[in-house]
Amino acid sequence: MIECYAYLSRAVPDLDLRDLSKIIVNSRGFNATYHITGVLLFDGAMFYQYLEGPSEPLADVRQRIEASRNHTDIQVLLDGMPNTPGAFPSWSLGYLMLDEPAHSLHAFVMPADHTALVDAFAALAAKSDAM
């Protein structure tokens with residue numbers, strides 16, 4: 001069964017971008033192995049992430065995300081079954097640096113409308129610098 005998980009969180013003030021790069025590389029390997037796809041957006045202060053994948057591996061990813069010391073104030077936007085799976089099928093973890101805060105994602109509350117949230121992530125990703 002495919003599930004989805006989306007959240008926003010605040011980066012710790014002393015976040016080392018080299019550590020963030022290592023997390024992204026490791027996450028991409030894990031995600032590719034376990035068929036998890038999604039996107040991570042970062043504006044220098046806030047993280048915005050949307051993920052999809054099989055239930056058990058996604059639960060593991062969620063646990064690691066929520067235990068991470070690289071961010072605080074996690075606000076879960078989606079947690080459950082996606083309306084339409086396959087939002088970001090070619091990205092084991094797309095990482096995009098935003099030029100400005102993603103105010104459009106702050107408007108969502110749990111439970112968010114899946115389609116509208118995925119559309120907001122996709123619109124932001126299309127306007128960002130891919131890394």
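Above this text you will find the structure in question.
Residues numbered from 1 in each chain as written. Predicted model: local features only at pLDDT ≥ 70, side-chain atom pairs only at ≥ 80, totals over all residues. Heavy atoms only, no water.

**Student:** Sorry if this is basic, but what is going on with unusual backbone geometry here?
**Tutor:** Backbone phi values are negative for most residues with the exception of glycine, while trans is the configuration of most peptide bonds. Positive phi values are uncommon outside glycine, yet His-35 reaches one of about 60 degrees. One can find His-35 in the loop between α1 (17-33) and β2 (37-42). For Asp-73, which is not glycine, the phi dihedral falls at a positive 55 degrees. As for its placement among the helices and strands, Asp-73 is situated in strand β4 (residues 71-80). For Asp-73, a relative accessible area of 57% corresponds to the exposed category. (Helix = DSSP H or I, 4+ residues; strand = E, 2+ residues; numbered from the N terminus. Buried < 20%, exposed > 50% of the residue type's maximum accessible area, 1.4 Å probe, protein only.)

**Student:** Mind showing me how you'd approach the pairing of strand β3 (residues 46-54) here?
**Tutor:** Taken across its nine residues, β3 has eight buried, putting it largely inside the fold. With nine bridges connecting them, strand β1 (residues 2-11) and β3 associate as antiparallel partners. Looking across to β3, one finds that Ile-2 is bridged to Pro-54. From the end of β2 to the start of β3, which pair antiparallel, there are three residues, and Gly-44 there has a positive phi angle of about 95 degrees. (Pairing = 2+ DSSP bridges.)

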